Amino acid sequence: MMSGGYTSIDNQKVSGSVPAVSDLDRVTIKFSDSDLQTFPPSDAQGKISGGTQPPRDADDTFSRPGGGADEPQGSGGWFRAFTVAAYKPYFDVNTSDVLDRLKESLFPFRGTFTEKTATNPDLYGPFWICTTLIFVAASIGTFVTYIAHKLKKKEWDYDINLVTWSAGLFYGYVTMVPLALYVILKYFSAPSGLVQLFCLYGYSLFVFIPALCLSVVPLEIFRWVIAGVAGFMSATFVALNLKAHIKSAGERWFLIVASIFLLQLALSVVLKFYLFTVTV
């Protein structure tokens with residue numbers, strides 16, 4: 001049925017109406033071939049493709065993983081040196097590792113310490129060795145001085161400077177000497193790992209812990225012997241472990257090794273005068 005240019009659909013449950021379409025001439029539309037670029041299939045494997053990737057120069061600010069404002073940007077850079085994660089690998093040692101390295105430091109003529117710790121140098125052992133040395137030096141020194149004053153019936157006063165002096169000596173030595181040696185070896189084109197040097201010098205001081213404990217014996221000649229033996233063992237331990245590496249520095253390697261040996265002996269002399277000597 002036609003009414004007002006519209007066609008009504010009868011016998012259909014359809015609401016509304018549609019405009020009538022007149023019988024017009026058919027128009028043929030031809031599509032020309034497109035020059036659109038054909039993209040090759042993705043190399044993604046599996047049932048689900050990896051999806052499209054942004055161009056390399058695109059801004060990836062919003063595609064980065066979310067993080068707090070305190071997180072350092074990037075995985076490297078100088079900012080990483082101020083994070084705990086940067087030093088965590090150097091404290092990742094167990095009790096057996098530390099004990100083996102302590103035993104190695106008591107046998108200085110082996111010269112295999114750097115080889116055994118090359119892949120996993122630690123700062124845990126050096127830190128606690130220096131801290132123990134400070135405690136032992138202060139307590140043993142105070143005890144020996146107290147006994148000496150009591151035997152001569154003289155008044156005794158506690159010297160707090162013994163703690164601060166010991167802390168400055170041991171922490172300063174195990175930090176500044178490896179830093180200086182690191183710069184020198186780099187200058188002579190024989191660079192060594194800085195953490196490796198910290199580890200070596202830290203464990204080289206372990207022998208002074210039993211030496212300080214033996215200094216309670218009230219015999220001056222015995223204290224000189226103890227200080228000398230401990231200094232010789234410590235100096236030999238450092239020199240022999242660095243000898244093979246420093247040989248690559250050229251003809252001056254012997255001078256460098258001799259300086260390292262003498263510097264370690266000088267430390268034992270300083271300890272003898274300030275910690276192994278009791279004055280009343």
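Look above for the structure.
Residues numbered from 1 in each chain as written. Predicted model: local features only at pLDDT ≥ 70, side-chain atom pairs only at ≥ 80, totals over all residues. Heavy atoms only, no water.

Draft legend 1. Region of interest: a nonpolar patch on the surface. A contiguous nonpolar surface patch, about 860 Å² in accessible area, is contributed by Leu-219, Ile-221, Trp-224, Val-225, Val-229, Val-269, Val-270, Phe-273 and Tyr-274. If you list the elements that add at least two residues to the nonpolar patch, you get helix H7 (220-246) and helix H8 (253-274). Relative to the helices and strands, Val-269 resides in helix H8. (Patch = residues over 30% accessible without salt bridge, like charges linked within 9 Å, V, L, I, M, F, W, Y side chains within 5 Å. Areas by Shrake-Rupley, 256 points an atom, 1.4 Å probe, with all protein chains shown as cover. Salt bridge = Lys/Arg side-chain N within 4 Å of Asp/Glu carboxyl O. Helix = DSSP H or I, 4+ residues; strand = E, 2+ residues; numbered from the N terminus.)

Draft legend 2. The arrangement of the packing of helix H3 (residues 124-151) against helix H5 (residues 194-204) in detail. One way to put it is that H3 packs onto H5 with a least axis distance of 8 Å and a crossing angle of 35 degrees. Between H3 and H5 lies a crossing of left-handed hand. Contact residues: H3 offers Gly-125, Pro-126 and Ile-129, while H5 offers Phe-198, Cys-199, Gly-202 and Tyr-203. Classifying every residue of the contact of H3 with H5 by side-chain character gives five nonpolar, two polar and no charged. (Axes fitted to C-alpha atoms, helices over the stretch in contact; angles between N-to-C directions. Left-handed = near helix turned anticlockwise from the far one by under 90°. Contact = heavy atoms within 4.5 Å. Nonpolar A, V, L, I, M, F, W, Y, C, P; charged D, E, K, R; others polar.)

Draft legend 3. Broad picture of the nonpolar core. Core analysis: the largest hydrophobic core is formed by 46 residues, its most contacted members being Phe-170 and Leu-205. Residue assignment for this core shows that the elements contributing at least two residues are helix H1 (95-105), H3, helix H4 (161-187), H5, helix H6 (208-214), H7 and H8. Other than its neighbours up to four places away in sequence, Phe-170 contacts Cys-130, Leu-133, Ile-134, Ala-137, Leu-205, Leu-271 and Leu-275. (Core = buried A, V, L, I, M, F, W, Y, C linked by side-chain atoms within 4.5 Å. Buried < 20%, exposed > 50% of the residue type's maximum accessible area, 1.4 Å probe, protein only.)

Draft legend 4. Region of interest: the pattern of salt bridges. Summed over all chains, the structure comprises four salt bridges. A salt bridge links Glu-104 to Arg-110, with the nearest nitrogen and oxygen atoms 3.5 Å apart. Residue class for Glu-104 comes out buried when judged on its relative accessible area of 4%. Here Glu-104 ties to Lys-116 by a salt bridge, and the two come within 3.0 Å at their closest N and O atoms. Of this pair, Glu-104 sits in helix H1 while Lys-116 sits in helix H2 (residues 113-116), placing them twelve residues apart in sequence. Overall, the relative accessible area of 53% leaves Lys-116 in the exposed class. A network of salt bridges, in which partner residues are shared, links Glu-104, Arg-110 and Lys-116.

Draft legend 5. Fine view of the packing of aromatic side chains. Under the defined criterion, the tally for this structure stands at eleven aromatic pairs. Residues Tyr-187 and Phe-188 carry aromatic rings whose centres are separated by 5.2 Å and whose planes lie at 85 degrees to one another, so their mutual orientation is edge-to-face. When its relative accessible area of 66% is taken as the criterion, Tyr-187 is described as exposed. Counting every residue linked through ring pairs, the aromatic cluster contains Phe-109, Phe-232 and Phe-261. The ring of Trp-253 carries Lys-247 above its face, with NZ or CZ at 5.4 Å from the centroid. (Phe/Tyr/Trp six-rings, centres within 6.5 Å; stacked < 30°, edge-to-face > 60°. Lys NZ or Arg CZ within 6 Å of the ring centre and 35° of its normal.)

Draft legend 6. Representation of the environment of Gly-231 in the model. Note that Gly-231 resides in helix H7. Considered as a pair, Gly-231 and Leu-271 are 40 residues apart in the sequence and their alpha carbons are 9.4 Å apart. Residues in contact with Gly-231, not counting those within four places in the same chain, are Phe-208, Leu-265 and Ser-268.

Draft legend 7. Geometry of H8. Given a rise of 1.5 Å per residue, 22 residues ought to cover 32 Å, and the 32 Å separating the end C-alpha atoms of H8 matches this to within 8%. Looking at H8, one finds that the buried residues are Ile-256, Val-257, Ile-260, Gln-264, Leu-267, Ser-268, Leu-271 and Lys-272. Summarising the contacts, the buried residues of H8 are in contact with H4, H5, H6 and H7. (Expected span 1.5 Å × (residues − 1).)

Draft legend 8. View of the environment of Val-163. If you trace the backbone, Val-163 turns up in helix H4. On the basis of relative accessible area, Val-163 is assigned to the partly exposed category, the value being 27%. Between the C-alpha atom of Val-163 and that of Ile-134, which follows or precedes it by 29 residues, the distance is 6.6 Å. Look past the residues within four positions of Val-163 in its chain and what remains in contact with it is Ile-134, Ala-138 and Tyr-158.

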